[in-house]
Each structure stands twice: as C-alpha cells, then as structure tokens.
Amino acid sequence: MNTTPEQKGSEGFAAQRDRIRAEHLKPVSTRPASSARGLHHTALISGDVERTVRFYQDVLEFPLTELIENRDYPGSSHFFFDIGNGNLLAFFDFPGLDIGPYQEVLGGLHHVAISVEPERWEHLRRKLTDAGIELIEHSEVSLYFRDPDGARLELIADPLGEMYGSHVL
C-alpha cells in the first residue's frame, strides 16, 4: 500500500510524540512536584480599557480586581480580573501607540482556556450568544470565541487538571 507524504508526516509526528512521551513523561508516582506555585497572571493587550472591562466583567462575570498605571509605559493601564482559584487575567493598554489588530503568530499566544463549572458554562454560553459573540463549540465542554480585541478564549467545563475526560495533571 502506498502512503502519501501527509500520511508519512502524520506517522512521523505520532512516532515523535510517542518517543517524547516515553522519554520524558514520568508516572504520577515518580513525578516531582512543580517548582511553581501557580499562574499569577497572564497579560493580554487591550485596545480600550472600558470596553475590555465591560466584556470581561459584565459578560464573562470575571470581577475587576485592580486598575493601576503600567510601570513600563506612562499613561498606560495595567488591570486585573479574578478568574478563580487565585488566578488573574491581566491587561495592558498602550494609549498613543498604534499596536494594530490582534494577531496569532507562531511562538505567540494561541488561546487562554479558563475552567468554569458546567452550570456556569451554560449560563455564559447564553450570555455570549445574547451579546452576539460568535462561538465554536467543541466536545460539548469547550466554547471558543474572541474578545473585543480579537484574542482567542476558551471556556471549558472540564475541571482543572482534566481535558475531555482525560487527566492532564
């Protein structure tokens, strides 16, 4: 049977994943504890502070916890939203700079996945739909959408440490 270059590449990628998994993935019983305490915050860019606050606080129901001046750029704001479990989602704005629209680039941020309880997931799905936000649903537990600046977000109803029924932590 002949294989296409795509099939050969796919098989090669699968073999590479298998090799890396065998070499580096340690069983839970022998896996060392992480040196980190957790994710303090992830920082995204906001083109409009008030629009961002309205989206994240009013639509997604992530409370705004602080709004301060960005120490690295005078006049810029650095602000934070509580996304649960002691974690924050942060933003910067850069007034006066034309930073252009959000772009996904190789080596850059692809999306931020935030775990929510299944009932909250359903509630937020309705709020996003009512707000006219385009959604892509995957595996009946993930909603993908973009914020007002174009950053891709995921709301996932799986518990922390799980993904689509598999333990990843």
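Attention in this report is confined to the structure presented alongside it. (Residues numbered from 1 in each chain as written. Predicted model: local features only at pLDDT ≥ 70, side-chain atom pairs only at ≥ 80, totals over all residues. Heavy atoms only, no water.)

1. Some details on helix 2 (residues 49–59)
Argument step 1. Where helix 2 is concerned, the buried positions are Val49, Thr52, Val53, Phe55, Tyr56 and Val59.
Argument step 2. Put simply, aspartate 48 is the residue that caps the front of helix 2, since its side-chain oxygen is 3.1 Å from the backbone nitrogen of glutamate 50. (Buried < 20%, exposed > 50% of the residue type's maximum accessible area, 1.4 Å probe, protein only. Helix = DSSP H or I, 4+ residues; strand = E, 2+ residues; numbered from the N terminus. Polar contact = N/O pair within 3.5 Å; in protein donor to acceptor, adjacent residues only side chain to side chain.)

2. Focus: the pairing of strand 4 (residues 88–92)
Argument step 1. The buried count for strand 4 comes to five of five residues, which makes it a mostly enclosed element.
Argument step 2. Residues of strand 4 alternate between two faces, with Leu88, Ala90 and Phe92 on one and Leu89 and Phe91 on the opposite face, all of them buried.
Argument step 3. Here strand 1 (residues 41–45) runs beside strand 4; their pairing, made up of five bridges, is parallel. The residue of strand 4 that forms the bridge with isoleucine 45 is phenylalanine 92.
Argument step 4. Across five bridges, strand 3 (residues 77–82) lies against strand 4 in antiparallel orientation. Within strand 4, the residue paired with aspartate 82 across the bridge is leucine 88.
Argument step 5. The antiparallel pairing of strand 3 with strand 4 creates a hairpin that spans five residues between the two strands, and glycine 84 there sits at a positive phi of about 90°. (Pairing = 2+ DSSP bridges.)

3. Structural notes on the sheet that holds strand 2 (residues 64–69)
Argument step 1. Here we have four strands laid out as an open sheet, ordered 1-4-3-2, and mixed in their pairing. For this open sheet the edge positions go to strand 1 and strand 2, each flanked by a neighbour on one side alone. Adjacent strand axes in the sheet meet at a mean angle of 20°, parallel and antiparallel pairs treated alike.
Argument step 2. Relative to strand 3, strand 2 runs antiparallel, the two sharing five bridges. Across the sheet, leucine 67 pairs through a bridge with phenylalanine 79, a residue of strand 3.
Argument step 3. Where helix 2 meets the sheet, it contacts strand 1, strand 2, strand 3 and strand 4, and its direction lies at approximately 5° from that of strand 3. (Axes fitted to C-alpha atoms, helices over the stretch in contact; angles between N-to-C directions. Contact = heavy atoms within 4.5 Å.)

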